[in-house]
Amino acid sequence: CFGNSKRCSGGLPGTCAFQRDPTSVTCSKCIDGTHAEANGTCVSCSGRHVAIFLTVTSMAMLSLLGLYLILLKMKLRHPTSLLIVSISLSQMIFIAQKLTVLFRFKIEWEEPFLNVLRVLELLAFDLKIISIDCISPLNSTIEFSARVMVVPMFCIVVFLVHILHACLHRTHFFSKIQLAQLTSTVGTVFSICFIPVFSSLLAPFQCQEHPNRKFTLQDYHGVFCNFTEEHLQMCIIGAVACLLPIGFLALCTWVVLVEVPRRQSRSDLSFLRAWSFLFIRFRPGTQVFSVLFLVRNALVVLCQLLSNESAKVVLLNLMLYISLILTTYKKPWRFMVCNWLDILLLTGLMAIVDMGAVTMRDRPQTAMIICICFLSCMMAAILAAVVFGAWKYARQKYRKRFNFFITHQKSAAGCFARLLKMELVAAGKTVFIDSDDLVDVSCLCRYVSQDTQKLLILATPEIVKRRFCLAEMATAQLCEVPSIVLTWPKFQVPDENFIKNLSQEVEILNELAKFGIFRADIEGTLWWLQILESIKIPTELTREELGRIVGKLTNTVPKISGFASGETELPVLADPENLEAVSAALILLKCLQPQLSLDDVMPKLLCDDMKVTRARTAVLIITKGCFGSPRFAHWLLQVHSQQCSIVPVITEENHDSPSKEELHIAIAPLQIDAVLYLHVVQAVFRELSVRFVPASFSNSQQDLELHAKKVHSRLTFQGMNLAQLVSLEVKDDDDDYDASSVATEKT
């Protein structure tokens, strides 16, 4: 008796287990009014069996209603951490469905793992599990047709829920928004049911050979596999119905590979919402994995058609290995915890497949216990992920991870952004800045929408042309995150013409569309900037101005350090008209402070019209155009006259030494000794410089502290002073002039 040998109790021909129909093939059917049990007998139908049917049916209907409402509230562009819960549950369902496929392999499973697989048959739409024969006796063809119609019936229920919701909210049934919601729900149902639907449709093509060389269907033991009568009817129904999952796979492939990029460029939000079930679970740029996983699921189902059991196991393991490698390498899921969960579940499933495939005649119970252990670990991991997602959602809702998120243009305000973070942290605030806190750029908008209490926008002139800055601002506007604009002196609020021209930038729009931000969102964000609270940034950063900015943000009276108030042995020279140069100098001083002992002199930043007097070593902050600054030039000449040592510090990436022509142009407007100053500037580049670039994306706080140690060691080492370096520069110029004169005379 294939499937359950207990159906055939032995004895004379035609003898079957209790209440089995002896006229059925291999005692496969129960007599009318009875229901099959696991021990091979049939028991009379009772109210318990009807209750099971009604309970399971009601739970299915309520699940569809809950799915519709959840998707209705789901945010397409900035999903919350509750998405972790839904992804974890979907991964659990897919793993359970793969186990139902594995159950159909000719592997002799043993208790207690066998009971688990039998329970999971409910996910494969096995109607016998819910006592369908106690509701209405069905022959094999009708039962197969009923399994085929399960998903269409689910779609009809979803449609009725959709109509009811539209009526209650007095909206049109087939408006764009309503159709998008209906399509999203139906697509989600098809995605969840893809494996059981496809697997059940292939039942007429899976046969089992008996000792008498006759074949019966593997799932329908009373049907001969001979392509006549019932079997022919089932084959026709199955072949036609197979167009449903195949068509769904083809449609999803076309949407993801062709339509989604095109609709993103056109900002077709209704279309993207309708098909969001394909890509909302994945990181931007990895949406193709939705198709890859559907293809994998289809191959998992198709491997049942192989006649050789070893080939089935090898093919299933091969697909699981490929999935494991791709998930480990690309990490496609939107949340990292879901990637690790998927890796763990795939590993556990491969272990179960291997345990089932290994022939352990002497101790089969051991293999089944190992399978139960792996399955328990997988369920525990799913539960942990669900709890983690729910806890993270609750924490983000009532307690934000960051008090401030600083959005800024790296090249124009990178140093000021880091300085502002350091001052806010000193005031007891938590601050996000990408150089220190960003791990995955695809999570940038999620940090703004879920983890940020207030967004700080450093409004430099070009910030509205930077796509990531626009993405952060648009996210804050869409998610109603409180925001403050810190306006630079040359920043201009976008007007109507600017907004119109920017919204036509195709490259920027296509890039932002990956984050679910479209043309209308960008336009709304640029208008939104005009009504936000603003704080003006001065042209020159002083102690008072920096204290005013930090105090307004924190509602405290901050203590600002680093500025010189009188004479200092270790002056720090920075172009006072360059906000980034002053910010870099203050960051350097903050990084130096922990490394100084009580006896060490603290370097101070010169400001206003202070002079260099009684100085021992000067720190020069080298930035573009600093040598053309009048005050910087006077300070540098004073360092030369004081015969101070110097420590040049380059604070910009890709900084090049200025040529003589560039120096002549920069020096021309200055009322100083141009010849001497030119020698002084050239002598500065004779000294070995230290790179300290706070605005670099690759430099975290720890990296800057490491570079600051180099500056500290240079401060304690007394090398040649600037006057001596100038003398060498003058001598080399004279030698070059004499050599040139001799060559001219010889010519």
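Cut-offs applied
- Per chain, residue numbering runs from 1 following the sequence as it is written.
- Residues qualify for local features only when their pLDDT is at least 70, as the model is predicted, and side-chain atom pairs are given and counted only at 80 or more; totals for whole chains, interfaces and linings, by contrast, use all residues.
- For the side-chain quantities, the full set of heavy atoms in the structure was used; hydrogens and water were omitted.
- A pair is scored as a salt bridge if a Lys or Arg side-chain nitrogen falls within 4 Å of a carboxyl oxygen belonging to Asp or Glu.
- In DSSP terms, a helix is any run of H or I states spanning at least four residues, a strand is any run of E spanning at least two, and both are numbered starting from the N terminus.
- Residue burial is assigned from relative accessible area. The probe radius is 1.4 Å, only protein chains are included, and a residue is buried under 20% of its type maximum, exposed over 50%, and partly exposed in between.
- By the convention used here, residues are in contact when the closest approach between their heavy atoms is within 4.5 Å.
- By this definition, two strands are paired if DSSP reports at least two bridges between them.

(A) Seen up close, the pattern of salt bridges. Inspection of the entire model under this criterion finds 12 salt bridges. With a shortest N-O distance of 3.2 Å, arginine 104 and glutamate 121 are connected by a salt bridge. Of this pair, arginine 104 sits in the loop between helix 2 (82-103) and helix 3 (113-120) while glutamate 121 sits in the loop between helix 3 and helix 4 (132-135), placing them 17 residues apart in sequence. Since its relative accessible area comes to 6%, arginine 104 is described here as buried. Looking at glutamate 121, the relative accessible area reads 7%, which means it is buried. Across the salt bridge formed by glutamate 209 and arginine 213, the nearest N and O atoms sit 3.3 Å from each other. Taken together, the salt bridges that share partners define one network made up of Arg104, Glu121 and Asp219.

(B) Quick look at unusual backbone geometry. Non-glycine residue phenylalanine 227 carries a positive phi angle of around 60 degrees. Within the secondary structure layout, phenylalanine 227 lies in the loop between strand 4 (215-217) and helix 9 (229-241). The backbone of arginine 614 shows a phi angle near 55 degrees, a positive value even though the residue is not glycine. Locating arginine 614 in the fold gives a position in the loop between strand 11 (604-605) and strand 12 (617-622).

(C) Spatial organisation of the side chain of glutamine 97. Mapped onto the secondary structure, glutamine 97 falls in helix 2. Setting aside residues no more than four positions away along its own chain, glutamine 97 makes contact with Leu123, Ile192, Cys193, Ile195 and Pro196.

(D) Highlighting the sheet that holds strand 9 (residues 533-536). Reading across the sheet, the 5 strands line up as 6-5-7-8-9 and stay open at both edges, with parallel pairing between neighbours. Where the open sheet ends on each side, the last strands, each with one partner, are strand 6 (431-432) and strand 9. Both strand 5 (residues 402-407) and strand 6 contribute to a ladder of 2 bridges, which runs parallel. Directly across from phenylalanine 404, in strand 6, lies its bridge partner valine 431.

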